[in-house]
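Listed below, chain by chain, are the residues.
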Amino acid sequence: MHETSSTEESTHASEALWGGRFEDSPTEFTQAFGASLPVDKRMWESDIEGSKAHALMLARQGVISNEDADAIRSGLDAIGAQIEDGDFEFDIDDEDIHMSIERNLTEAIGAAGGRLHTGRSRNDQVATDARHHAKKLSDGLAHQMLDLRGALLDMAQEHFGVVMPGYTHMQKAQPVLFSHHMLAYYWMFTRDFERLRAAYRAADVLPLGSAALAGTTYPLDRHFVADELDFAGVAENSMDAVSDRDFLLDLSYACAVAMMHLSRLCEELIYWSSNEFGFIRLSDAYSTGSSIMPQKKNPDFAELIRGKTGRVYGDLMALLTTMKGLPLAYNKDMQEDKEGVFDAVDTLGNSLVVMTGMIRTMQVNEDAMRAGALGGFMAATDLADYLVGAGVPFREAHAIVGKLVLECEKQGRTLQDLSASELAAIDERFEADALEAVDIDKVVERRTTYGATGHEAVKVQLDHARESLAADTRAMAD
Ligand code: ARG
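The model shown is predicted, which means the values in this text are computed figures rather than measured ones. (Residues numbered from 1 in each chain as written. Predicted model: local features only at pLDDT ≥ 70, side-chain atom pairs only at ≥ 80, totals over all residues. Heavy atoms only, no water.)

Draft legend 1. Up close: the overall build of the protein. In terms of helices and strands, the protein carries 20 helices and six strands. A compact globule built from 478 residues would reach a C-alpha radius of gyration of about 23 Å, whereas the protein, at 31 Å, exceeds it by more than 25%. For the protein, the spread of C-alpha atoms along the principal axes amounts to about 100 × 50 × 40 Å. When burial is assessed residue by residue, the protein has 50% of its 478 residues classed as buried. Of the contacts made within the protein by residues no fewer than 6 positions apart, 73% connect residues no fewer than 24 positions apart. Here the protein displays about 22800 Å² of accessible surface, and carbon together with sulfur accounts for 51% of that area. Where the 44 positive side-chain charges of the protein centre and where its 79 negative ones centre are 6 Å apart. (Helix = DSSP H or I, 4+ residues; strand = E, 2+ residues; numbered from the N terminus. Rg over C-alpha atoms; globule rule 2.2 N^0.38 Å. Buried < 20%, exposed > 50% of the residue type's maximum accessible area, 1.4 Å probe, protein only. Contact = heavy atoms within 4.5 Å. Areas by Shrake-Rupley, 256 points an atom, 1.4 Å probe, with all protein chains shown as cover. Lys, Arg positive; Asp, Glu negative; His and termini not counted. Charge placed at Lys NZ, Arg CZ, Asp CG, Glu CD.)

Set out below in structure tokens:
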């Protein structure tokens, strides 16, 4: 802890790492208000990596001695080990993780620690840490996204051939394969995976060496540092480098869209698991009961993911708004960048764990889906098309089938309940094979276009999905 100062509520500005030119200090309150340590301490590993690379480069360039660089690097390793083991005491008087580690380093190794910050500003340091850390975060989410895609794909494969109602306007529209419905989400999450990879690439540029905003007079080798830290490139403009947070916005946006997709899937799982639908049963592990109604099994976790989507949108809007009025280069406003992004990443990460488990453990009620597909006159278009095949103009066919549907509705029957002779009685152009037109499996099977729900088309789609998952898994392993 820092010593208490002469006035009760101020801390020693002279003890802060920038304290040289200050005579008075912020109060404890403003000190805490200005601090980001509680949020940015989770970047400690990136901060240590970045400092180690910087020190090594300074020595190679002859700016500091090899002995100093060695002392700095092993001192940083020791701090890293302490943090890892939970033995490191974060001092709330330290403004941020950069100050915290540097102060502890200097306390541990003496003067050499004071040479670490040569040719560096916290402005390029924080941008470097944030990019280094963002790469890790997007990587982790991309791996989780692969797991979810795998779960959806397995579900689609396992229940191949199961017919269910497809909806538009939440009204029964045309029957589809359950596999087709699951694969629709597979492709959404494949795009999310790609967005996360794009966010990774956006972060993969090194700002370090830009110093406060203008670059530095020391002969820094930024490309060496980029190689050391495994960055694909070096930022071209020092002012842009220290004040660009697009890479965090990209990550935040990727999280927001993925949450939107999860939320849509949750919405379906929620009503599919209702008594009215009964299409699926969520595992007890992903349901909760009611404190008053003994019969209840609630899809709480799906509802929570749907509910948490809002905060992730909020995280994105907050950062967009923080950035919108900022002149070049660094402004302290930008310290607000991390909390929301971390929240978005955590929320998506947790939601992905839950969703993947929920999909892997849910039971599919194939009979209920099929029964649902028989209702709602979903073969009506095919029956009209049958008449078109017999030479009836489509508009006339539409009207004939429309009347037929009305009649069935009055009698509480489905199209599949009708016999060939009943059909013929309505219009003599309905022959015996008209029954095939309303056969629900055949209705699906007939959709043979590329990307359609027909069995053959879905088989092709399943193959392509499998291939894309394998390719993305390979790419992530490299
Ligand atoms: N904690 C600061 C942040 O997160 C680090 C950069 C501080 N730079 C400065 N000039 N005050 O943005």
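Draft legend 2. Broad picture of the packing of helix α3 (residues 44-60) against helix α4 (residues 66-85). Here α3 crosses α4 at 170°, and the two axes come no closer than 9 Å. Taken together, the axis directions place α3 and α4 in an arrangement best described as roughly antiparallel. The residues of α4 that touch α3, namely those facing W44, I48, S51, K52, A53, A55, L56 and A59, are N66, A69, I72, R73, L76, D77, I79, G80, I83 and E84. Among the residues making up the contact of α3 with α4, the classes are represented as eleven nonpolar, three polar and four charged. (Axes fitted to C-alpha atoms, helices over the stretch in contact; angles between N-to-C directions. Parallel < 35°, antiparallel > 145°, perpendicular 65-115°, else oblique. Nonpolar A, V, L, I, M, F, W, Y, C, P; charged D, E, K, R; others polar.)

Draft legend 3. The arrangement of the site of the ligand in detail. In the vicinity of the ligand, the residues found are S36, D96, H98, R122, N123, V126, Y330, Q335 and K338. Here a nitrogen atom of the ligand and a side-chain polar atom of D96 are 2.9 Å apart. Within the side chain of Y330, one N or O atom sits 2.5 Å away from an oxygen atom of the ligand. Coverage of the ligand by the protein chains reaches 86% of its 350 Å² of free accessible surface. (Near = heavy atom within 4 Å. Polar contact = N/O pair within 3.5 Å; in protein donor to acceptor, adjacent residues only side chain to side chain.)

Draft legend 4. Spatial organisation of the pattern of salt bridges. Overall, the coordinates contain 29 salt bridges when judged by the stated rule. The shortest N-O distance in the salt bridge between K135 and D204 comes to 2.6 Å. Of this pair, K135 sits in helix α7 (residues 122-158) while D204 sits in the loop between α8 (178-203) and β3 (205-206); the two residues are 69 residues apart in sequence, bridging distant segments of the chain. Accessibility expressed as a relative area gives 6% for K135, which makes it buried. (Salt bridge = Lys/Arg side-chain N within 4 Å of Asp/Glu carboxyl O.)

Draft legend 5. Quick peek at α3. The first and last C-alpha atoms of α3 sit 24 Å apart over 17 residues, in line with the 24 Å expected at 1.5 Å per residue. Within α3, 13 of the 17 residues are buried, leaving the element largely enclosed by the surrounding structure. Looking one or two residues past α3, G62 carries a phi angle of roughly 75°, positive in sign. (Expected span 1.5 Å × (residues − 1).)

Draft legend 6. Fine view of the pairing of strand β2 (residues 171-177). Across six bridges, strand β1 (residues 163-168) lies against β2 in antiparallel orientation. Considered in β2, the bridge of G166 is made with Q174. The loop that links β1 with its antiparallel partner β2 comprises two residues; one of these, H169, has a positive phi angle of about 55°. (Pairing = 2+ DSSP bridges.)

Draft legend 7. Quick look at the packing of helix α12 (residues 300-323) against helix α13 (residues 337-361). At a minimum axis distance of 9 Å, the contact between α12 and α13 shows a crossing angle of 155°. Compared by their axis directions, α12 and α13 come out roughly antiparallel. Regarding α12 and α13, the two cross each other, and that crossing is left-handed. Along its contact with α12, which presents F301, A302, I305, K308, R311, V312, D315 and L319, the element α13 presents D337, G340, V341, D343, A344, T347, S351, V354, M355 and M358. Its residues assigned to classes, the contact of α12 with α13 shows ten nonpolar, three polar and five charged. (Left-handed = near helix turned anticlockwise from the far one by under 90°.)

Draft legend 8. Summary view of a nonpolar patch on the surface. Together, L213, M239 and L328 make up a nonpolar patch on the protein surface, roughly 260 Å² of accessible area in all. With respect to the element layout, M239 can be found in helix α10 (residues 238-243). A relative accessible area of 33% places M239 in the partly exposed class. (Patch = residues over 30% accessible without salt bridge, like charges linked within 9 Å, V, L, I, M, F, W, Y side chains within 5 Å.)

Draft legend 9. Molecular detail of the packing of aromatic side chains. Using the criterion set out here, one finds eight aromatic pairs in the structure. Taking 4.9 Å as the distance between ring centres and 85° as the angle between the ring planes, the aromatic pair formed by Y186 and W187 counts as edge-to-face. Relative to F279, the ring of F277 has its centre 5.3 Å away and its plane inclined at 85°; by these criteria the two rings are edge-to-face. Judged by its relative accessible area of 24%, F277 falls in the partly exposed class. Stacked on the ring of F224, the Lys or Arg R60 has its end atom at 4.1 Å from the ring centre. (Phe/Tyr/Trp six-rings, centres within 6.5 Å; stacked < 30°, edge-to-face > 60°. Lys NZ or Arg CZ within 6 Å of the ring centre and 35° of its normal.)

Draft legend 10. Examining the environment of H54 more closely. As for its placement among the helices and strands, H54 is situated in helix α3. The spacing of H54 and G119 is 65 residues in sequence and 9.2 Å in space, taken between C-alpha atoms. Dropping the residues within four chain positions of it, H54 is found in contact with L116, T118, G119, R120 and L208.

Draft legend 11. Highlighting unusual backbone geometry. In this structure, the amide linkage connecting L328 to the following residue, A329, adopts the cis form with an omega of 0°. Relative to the helices and strands, A329 resides in the loop between α12 and α13. Positive phi, normally seen in glycine, also occurs at D230, with a value near 65°. For D230, the position within the fold is in the loop between α9 (222-228) and β4 (233-234). Given the relative accessible area of 55%, D230 is considered exposed.

Draft legend 12. Structural context of the state of the cysteines. Per the stated rule, a full pass over the model turns up zero disulfides. C255 takes part in no disulfide bond, and the closest cysteine sulfur to it belongs to C266, at a distance of 16 Å. According to the relative accessible area criterion, C255 is buried, its value standing at 0%. On the basis of relative accessibility, which here comes to 0%, the residue C266 falls in the buried class. (Disulfide = S-S within 2.5 Å.)

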